[in-house]
Each structure stands twice: as C-alpha cells, then as structure tokens.
Amino acid sequence: MLRLKFIALFILVIIVALIAITVGSINIPFFVVIKILLANILPNNWIETQTISQTNQVVVWLIRTPRIIVAALVGAALAMAGAQMQGLFQNPLASPGIIGTSSGGALGAVIILATGLASHSILYIPIFAFIGALLSLFTVYMLATERGQTSIATLLLAGIAVNALINALTSFIITFSWLEYEISREMVFWLMGGLDNRTWSHVWMCLPGIFIGGFIALLYTRELDILLMGSETASSLGVEVEKVKLIILTSAALLTGTAVAVSGVVSFVGLVIPHIVRLIIGPKHRYLIPACALTGAIFVILTDLLARTLNRPEEIRLGILTAIFGAPFFLYLLLKQRRKLNYL
Amino acid sequence: MNTLVLEKVGIQIDNNWLIRYASLEIQSGQFITFLGANGAGKTTLLRLLAGLWQATAGQVSLNGKILQSFKRRTLAQQISFVPQHSLINFAFTVQEIITMGRNPYLGRFCSESQYDHDCVQYAMEKTDVAHLAKRFINELSGGERQRVMIARSLATQAPIILLDEPTASLDIEHTLEIFALLKSLVAENKTIVLSIHDINTAIRYADQVVLIHQGRIFANGSPEIVLTKPAFAKVFNINAENIFNSNKNKQFFFTKLT
C-alpha cells in the first residue's frame, strides 16, 4: 500500500513536470516537448531534432526545463525542512517561512550579492543563504526552548520578531546596494520569492545543498520519531538529544537556505505540505520525509505554473500565490490549536 | 546482577538544592517506591538515577561505573525511564511506539531484525496490549497508554525500569493492574523503581520504601520499618492510623494533623 502511494506520487511528479514544461506563452505541442527533452537527455544523434525550430528547443531546454527543475527542488527542500522542524519542535505550526528561517537565508544571499563576492563562485550565494538560515533558526530555537521544551507561543512570537528584524535588514541592504530602478525588483524577488529567469546554473547552485540536506534528513528519521515522544523519553531510549537536534536543525537550515538562494522567500510550502502528507502517509518520518519531498515538488511546480500563466504575459509572484493557499491553512491550524494556546 | 548506586548525590539548579546528600543502593530484582510530598524531589531523584540529569555533587554509578561515562545507547540498554507525562499528539500506532524501544540496538543504516520484532511482540503480550498493536496511541485510554509505555520499556530489555508516577491519572482498577504487571516483572528479576502518592498501594507491592523529604532521603527500608507515625507527621504533615485488611496486611487511614 505504502509502496503504491510512493509510486503514484513519483509518477505524478513526472506528469506534472511534463505538463508544466508544455504549457506557457509559446505553444509547443506535447510530442515536440518530449522529443526535445529526449534529444537532450539521451546520447547525441539518437533523436532527430533537425525538424524542430531553434526557438522551441531554446524555450523547452534552456528556459522551461531548468525552471521546473528548480521549482521541484525548492518545493522538495522546503517541505522536508518543514517536516523536520515540526518534528523537532513537536509543533505543527513550525515551518521555515513562519519562524524566520527563510528570511534569514534571504538576508545571507543579499549580503553576499551586495558585497560583490557572489561573482567569484555560484556556490557563494547558497553557502551564505545557508549560514543566514542557520543563524536565524538557532536564534529562534534558543529563544523558544527551555530545558528541551519548546513552547508554541514563544516559538511563534520569537519567529515574528526575528522575521521582522531580518526583513528590515534585507530591505536596508538592498536600498543601499542597488541602483534605484533595480531596488524594487530585488526586494520583491527576495521577500516574495519567484522562479522567473531560472537557468541551469541555478539548478547546479541549489542541487548540492538540497541533496546533502535531504540525505541527512533521511538518516535521522528514526530519531525524529522518537523526539516526538519528548526529550526525556528520547534520551532514555538512547538518543543523544542535544547532538541530534543540532544535526537536524543544521540539515533543515541547509535545505531552507539553498532553496531560498534560488527562489527567494517562498512561504507556507514547509507548513502545508507536511500536514497533508501526514494525513496520507502517517507520522513516521522514514516515509513522511521522502513523501514530503515528492509532494512539495508537485505543489511548487503547479503553483509556479499558475504564477506564470494566470495573468499572461505578466507573472504573479510565486510567494504571493503560496501565501494565498497557505495562510488560510495556517489560520485553520491555529484555530484547531486555539484551546491549547489559551493555556500558554 | 546489577547495582545502581547513589553516593552522596546533590543537584543544584538556580541556586536551589533539589537533592542533597542522597545515598542509596539498588539491587537487581528489587521493587522500590519513592514516597514524599509534592516537590520533595522524587522526580529529580529518578532523573538522576536514569542519567538524564547530572549530579552537581557526588555521583551515580551502575556496577561501579559513573553513569555519565556510558554512551547514551549503552545506558539505554541498562536503564529505562518512563516519564509521568506521555502526551503524544501524533498518530503513531501502538506497535510503532513500542518498536521505538529497540532504538538502542539499531545502527544508523539498519532496520529492525526478526529478533527486534520478537522482542516487541513479547513486550506487547507481557503487558497485554497485543490486541491494540494497530491502534493509534492518541485513541487509547489512560490505562492502555500506560501499559504501552511499560511495553516500550520492556522492549529495550533494560534490567532496570524507573517510572515517574505511573498511576497518577489512573483509576483504582487500572492502578492495581499496573502494579500487578510491575510485580510480575520483579519476579523475572527486573528492578522496578517508581514514585507514587498512594501510600497504601506502595505498601502492598513494594519491598522497599524510600521516604523523601525536602530533597533529602529521610528514611529507607522495608515499609514496616520506615512508615511510622512520626515519619508521616514529619514528611507528610498528616496523622496516620493503622488498620488491617482481611489478610492482616497493614494499611493506613490518614487524617489531617491538627
């Protein structure tokens, strides 16, 4: 049963990705898309591409395909990070966007861009975004945790404060470092997220971080299950709680930071996806985390498809759409928790 | 043969000594209860014995080796701790929860072997929760849930099990059920140490009572010796009358000290 669900999810990712590559401002028939993709994936000269126009080849392989791959990677990374955070804080409201981890990543990226260091290596942006995400996540964690217990109210409040401060810093740096006509564009990108003009270099930029972060996340799934039982129980079941928490936080920051480095702040993905997946797969992280990766990928590919087709030829910011879907969901969760929150 | 020893142990948190000069020796196959007023330090003492908190003074050792020098996994194979609050909001099945008890034996890349599954099965049968295996933990009653927690402890195969008020939220029937279960574990040479408020239940099942008063071990020994009128007056600020049940077992009737 579980295996079937995974196979179904995997097939769905492929189908959604192919649809997203096919649909756009320029109409390209589906079979032409497939042909171009195969021609680029398979060894040279296996597929005849002479009959396909140069424009179509560029649109499919150099514009749409990398964008959809980045969308899938960002969605997978944010959803996995969200699942990790909710497990670690034993708290269904924790997620990278809400407690300021994403904005920390954006600040790191903006700093490295403003100093000009980013031109030396494409890996500088994700590395600094990771450091920003990590610092912000640790700050909120330290503020909200006392003797291994994290209170929901303190976590959310600390998240709001850290979020506000970081966004102010990000806007401040952008205001001083970019030319006037670029400022609003940069600000909108980093604060509201988006996948416009993503190229293959962006794929390579985020792939290593997301791969490593996801790998660590998968290694520590049993510990995450046990941490849900509370720190004392976890400790008495042989988990080195402090060390494991550190590793899981770092991996969540790595996933969030690298995703933010290529997409800006796309909020609510890390909140919504783990909840939905938990209903289908159950709470065991060994299955939850990979299922979140697949579902997160589907969600962001689809949302990005809406973002670029709803209001053609203009694009709606991806972060705006995910917020429109995600914020009501967050409120719903908050209402469900209201009775508990009253006591805090 | 396992010996868990507290040696002049003290623990200080925020300039406050929660436990002072506590010395105690616990042998295999003993059934020990900690009695004391609220805030006396019962839970703290259990946490020290479980190696969850580190003593500020003195030391806690298992078979002559200080607890802090054990690897967390190795210690988990020897000592199991069941905390009082086990609120679980996530829909794990009973079997999944109990399987977590095998964590101290599992390597990072391993999944559970047949032997691990056998251990889980044995623990479920012993605690009579096998029929609940596929049920969700957050749907169970208090008594069932407590049995699941004990089953998870059994799955760790630790010879020493520490429980913090395991019957705090249970009615009398379920309380007696849990104690009968724990007693049967003692018969299999497990060591059981628990804290409890119900003095009469403690007397009926425990072979040793540790009275804790304001962070110190006030008295320690068999119930007949430790539980005296002056001790009740001092530790609990209550007056105790002896009564005997039909089996001629000593029980107490308590009134407020005036």
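Every value quoted in this text rests on a predicted model; they were computed, and no experiment measured them.

J.: Summarise the packing of aromatic side chains; cite the residues concerned and give the values.
T.: Residues and elements named next belong to chain B. Counted under the stated rule, the structure contains 14 aromatic pairs over all chains. For the pair phenylalanine 232 and phenylalanine 236, a centre-to-centre distance of 6.1 Å together with 40° between the ring planes defines the contact as tilted. Linking phenylalanine 232 with phenylalanine 236, this pair stays in helix H9 (residues 229-236), spanning four residues, or about one helical turn. Exposure class is identical for phenylalanine 232 and phenylalanine 236. Each is buried. Pairwise contacts between aromatic rings join Phe232, Phe236, Phe252 and Phe254 into one cluster. It is lysine 65 that lies over the ring of phenylalanine 70; its NZ or CZ is 4.6 Å from the centre.

J.: So what's going on with a nonpolar patch on the surface? Which residues, and what values?
T.: All names here are of chain A. There is a patch of nonpolar side chains on the surface, built from Leu117, Ile122, Leu123, Tyr124, Ile127, Phe128, Ile131, Leu135, Trp204 and Leu207 and spanning about 850 Å² of accessible area. Going through the elements one at a time, helix H5 (124-144) and helix H8 (200-219) are the ones with two or more residues in the nonpolar patch. Looking at where isoleucine 131 falls in the secondary structure, it is placed in helix H5.

J.: How would you sum up the interface of chain B and chain A? Please name residues and give values.
T.: Often, the extent of an interface is quoted as the loss of accessible area upon association of its parts. The interface of chain B with chain A comprises 32 residues on the first partner and 22 residues on the second. In total, about 2500 Å² of surface goes out of reach between chain B and chain A, with carbon and sulfur atoms giving 58% of it. Counting the surface chain B buries against chain A, the share from its top three residues, Arg72(B), Phe90(B) and Arg108(B), is 28%. One can count two salt bridges joining chain B with chain A. Of the charged contacts, one joins Arg108(B) and Glu223(A) as a salt bridge, the two residues approaching to 2.9 Å between their closest N and O atoms. Our count for the contact surface shared by chain B and chain A stands at ten residue pairs in polar contact (both at pLDDT 80 or more). Breaking the side of chain B that touches chain A down by element, the ones donating at least two residues are helix H2 (72-78), strand E6 (79-82) and helix H3 (94-99) of chain B. Residue composition of the side of chain B that touches chain A, grouped by class: 17 nonpolar, seven polar and eight charged.

J.: Before we move on, could you go through H9(B) and cite the residues and values that matter?
T.: Residue and element names in this part refer to chain B. Where H9 is concerned, the buried positions are Ala231, Phe232, Val235 and Phe236. For H9, the angular spread of the buried residues around the axis is 100°, confining them to a single face. Along H9, the residues that are exposed and aim more than 90 degrees away from the buried face are Pro230 and Lys234. Looking at the residues trailing H9, positive phi occurs at asparagine 237, about 60°.

Cut-offs and rules
Residues numbered from 1 in each chain as written. Chains lettered and ligands numbered in written order. Predicted model: local features only at pLDDT ≥ 70, side-chain atom pairs only at ≥ 80, totals over all residues. Heavy atoms only, no water. Phe/Tyr/Trp six-rings, centres within 6.5 Å; stacked < 30°, edge-to-face > 60°. Helix = DSSP H or I, 4+ residues; strand = E, 2+ residues; numbered from the N terminus. Buried < 20%, exposed > 50% of the residue type's maximum accessible area, 1.4 Å probe, protein only. Lys NZ or Arg CZ within 6 Å of the ring centre and 35° of its normal. Patch = residues over 30% accessible without salt bridge, like charges linked within 9 Å, V, L, I, M, F, W, Y side chains within 5 Å. Areas by Shrake-Rupley, 256 points an atom, 1.4 Å probe, with all protein chains shown as cover. Salt bridge = Lys/Arg side-chain N within 4 Å of Asp/Glu carboxyl O. Contact = heavy atoms within 4.5 Å. Buried area = accessible area lost by both parts, 1.4 Å probe. Polar contact = N/O pair within 3.5 Å; in protein donor to acceptor, adjacent residues only side chain to side chain. Nonpolar A, V, L, I, M, F, W, Y, C, P; charged D, E, K, R; others polar. Arc of directions from axis to C-beta.

Scope: geometric values only; no functional claims are made or implied.
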